[in-house]
Amino acid sequence: MRIGLMVGSDRERLRADRLAGLLSDAVAAESAGFHSFWFPQVPGYLDALTAMALIGVATSSIEVGTAVVPIQTRHPVILAQQSLTTQAACAGRFTLGIGPSHDWIIKGQLGLPYDRPVALVRDYLDVLLAGCAGAGRVDVDNATFTVHSPVDVTDHTVPVLLAALGPAMLRIAGERAGGTILWMADERAIGEHVAPRINAAAEAAGRDRPRVVAGVPVALCAPGDVEDARAHAGEVLGHAHLSPNYLRLLEHGDAEDVGDTMAAGDEAAVLKGLQRYRDAGVTDLAARIVPLGADGAARRASRDRTMDFLASLSL
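Residues numbered from 1 in each chain as written. Predicted model: local features only at pLDDT ≥ 70, side-chain atom pairs only at ≥ 80, totals over all residues. Heavy atoms only, no water.

1. Comments concerning the UniProt feature "domain: Luciferase-like" (unreviewed entry) in the protein chain
Thought 1: Within this numbering scheme, the UniProt entry marks residues 17-283 as carrying the feature "domain: Luciferase-like" (unreviewed entry).
Thought 2: Overall, residues 17-283 shows 46% helix and 18% strand. The separation of its end C-alpha atoms is 33 Å. (UniProt positions renumbered as here; feature names shortened; annotations may be inferred. Helix = DSSP H or I, 4+ residues; strand = E, 2+ residues; numbered from the N terminus.)

2. Focus on the packing of aromatic side chains
Describing an aromatic ring pair means giving the distance of the ring centres and the angle of the ring planes.
Thought 1: This structure, assessed with the given rule, holds 2 aromatic pairs.
Thought 2: Plain terms: the ring middles of Phe39 and Tyr45 are 6.4 Å apart, the flat faces sit at 50° to each other, and that makes the pair tilted.
Thought 3: Taking relative accessible area as the criterion, Tyr45 reaches 13% and is therefore assigned buried. (Phe/Tyr/Trp six-rings, centres within 6.5 Å; stacked < 30°, edge-to-face > 60°. Buried < 20%, exposed > 50% of the residue type's maximum accessible area, 1.4 Å probe, protein only.)

3. Side note on the side chain of Asp25
Thought 1: Here Asp25 is to be found in helix 1 (residues 15-32).
Thought 2: Judged by its relative accessible area of 12%, Asp25 falls in the buried class.
Thought 3: For Asp25, the contacting residues outside a window of four places in its chain are Arg13, Phe37 and Arg303. (Contact = heavy atoms within 4.5 Å.)

4. Brief notes about the side chain of Arg288
Thought 1: Relative to the helices and strands, Arg288 resides in strand 12 (residues 284-289).
Thought 2: For the buried Arg288, which has no salt bridge, the nearest side chain bearing the opposite charge is Asp10, at an N-O separation of 8.3 Å.
Thought 3: Among all residues touching Arg288, those that are not within four sequence positions of it are Met6, Val7, Gly8, Ser9, Trp183, Val216, Pro217, Val218 and Leu237. (Lys, Arg positive; Asp, Glu negative; His and termini not counted. Salt bridge = Lys/Arg side-chain N within 4 Å of Asp/Glu carboxyl O.)

5. Observations regarding the packing of helix 3 (residues 76-90) against helix 5 (residues 117-132)
Packed helix pairs are characterised by how far apart their axes lie and by the angle those axes make with each other.
Thought 1: In contact at an axis separation of 8 Å, helix 3 and helix 5 are set at 30° when each is read in the N-to-C sense. By the angle between their directions, the pair helix 3 and helix 5 is classed as roughly parallel. Here helix 3 runs over helix 5; the crossing is right-handed. Side by side, helix 3 and helix 5 meet where Pro76, Val77, Leu79, Ala80, Ser83 and Leu84 of the first sit next to Tyr124, Val127, Leu128, Gly131 and Cys132 of the second. (Axes fitted to C-alpha atoms, helices over the stretch in contact; angles between N-to-C directions. Parallel < 35°, antiparallel > 145°, perpendicular 65-115°, else oblique. Left-handed = near helix turned anticlockwise from the far one by under 90°.)

6. Overview of unusual backbone geometry
Thought 1: Omega for the bond connecting Ala67 with Val68 falls within 30 degrees of zero, at 5°, which places this linkage in the cis form.
Thought 2: Mapped onto the fold, Val68 is located in the loop between strand 3 (63-66) and strand 4 (69-70).
Thought 3: A positive phi angle, near 55°, is found at Ala91, a position not held by glycine.
Thought 4: Positioned with a positive phi, Met184 is a non-glycine residue whose angle comes to about 65°.
Thought 5: Along the chain, Met184 turns up in the loop between strand 9 (179-183) and helix 7 (187-204).
Thought 6: Residue classification places Met184 among the buried residues on the basis of a relative accessible area of 2%.

7. Side note on the environment of Ser60
Thought 1: Mapped onto the secondary structure, Ser60 falls in the loop between helix 2 (48-58) and strand 3.
Thought 2: C-alpha separation for the pair Ser60 and Gly33, spaced 27 residues apart in sequence, amounts to 12 Å.
Thought 3: Setting aside its immediate chain neighbours within four residues, Ser60 contacts Glu30 and Arg93.

8. Some remarks on a positive patch on the surface
Thought 1: Together, Arg116, Arg122, Arg171 and Arg197 give the surface a local cluster of positive charge.
Thought 2: Relative to the assigned elements, Arg116 resides in the loop between helix 4 (103-106) and helix 5.
Thought 3: For Arg116, a relative accessible area of 65% corresponds to the exposed category. (Patch = residues over 30% accessible without salt bridge, like charges linked within 9 Å, V, L, I, M, F, W, Y side chains within 5 Å. Areas by Shrake-Rupley, 256 points an atom, 1.4 Å probe, with all protein chains shown as cover. Charge placed at Lys NZ, Arg CZ, Asp CG, Glu CD.)

9. Details of the domain arrangement of the protein chain
Thought 1: For the protein chain, the assigned domains are domain 1 (1-163) and domain 2 (177-314).
Thought 2: Roughly 2,400 Å² of surface becomes buried between domain 1 and domain 2 when both sides are summed, with 59% attributable to carbon and sulfur atoms.
Thought 3: Linking domain 1 to domain 2 there are 4 salt bridges.
Thought 4: Residue Asp284 pairs with Arg2 through a salt bridge whose shortest N-O separation is 2.7 Å.
Thought 5: Remark: the boundary between domain 1 and domain 2 carries 15 residue pairs in polar contact (both at pLDDT 80 or more).
Thought 6: Broken down by secondary-structure element, the contributors of at least two residues to the side of domain 1 that touches domain 2 are strand 1 (2-6), helix 1, strand 3, strand 5 (94-99) and strand 8 (160-162).
Thought 7: Its residues placed into classes, the side of domain 1 that touches domain 2 shows 18 nonpolar, 9 polar and 4 charged. (Domains from an automatic or database assignment. Buried area = accessible area lost by both parts, 1.4 Å probe. Polar contact = N/O pair within 3.5 Å; in protein donor to acceptor, adjacent residues only side chain to side chain. Nonpolar A, V, L, I, M, F, W, Y, C, P; charged D, E, K, R; others polar.)

Take a look at the structure:
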């Protein structure tokens, strides 16, 4: 299992420091030896693809990726162009993670329709995958898109991962994408629901074994602080009840909220938790470090301890 980092919005940083801080985080992750660095498209925060392009220039070896970009906000040809441009900046190290997001974001915040997301994903991929295949033409006529457009950005291609939680989406991810990016999936949900479905779909389609990238909160802490760490993770990372898609995913596992998916405790406990994810079928860990402490200095120290420990692991 390859080990990478996932970072999100950092509200403790001043707005003027957030982009530079994100670039610094990516450079530090590369220097520490992490395999990958993932950043989501957070509502109202830094643009993920712009950030990935800048990170690509600032780094030289680490894989960088989005986890994830909502598809409703960008036409698939435009997203392909932007992704190929980002790939050129990253010299081939960029992976595009996409997904249909959630009703409360797409409809509630942006005022866009959130109808038949699975059908939209299928039609969207017709265009996006053709565009991300490199220089050439995109000629697609389906129920959603009529596209006849040249694409002439770079000789690079862009691998695409799909945020797939339910059976239909997992089938699409296995048949057509390079794998899936997960959030709020515990070990049992991955081992009994996600991995078997996506692997079977890929095998039936004659494709290589797909990647299963799991975003997992991690905190190195004293055993007596584990329950507080799980509760804190729920507060800072969002609760499942806001997104029915996550609630349906949680039904396949033992977790009730994001804190329950966390690998927390001392070194032995964190290692054991991560090994369970590996054994469930995760190919890539995207560790979301949850710093603990009463003030900024304590949280920075907590983050550094957890990061150092994760960097020392080879799973």
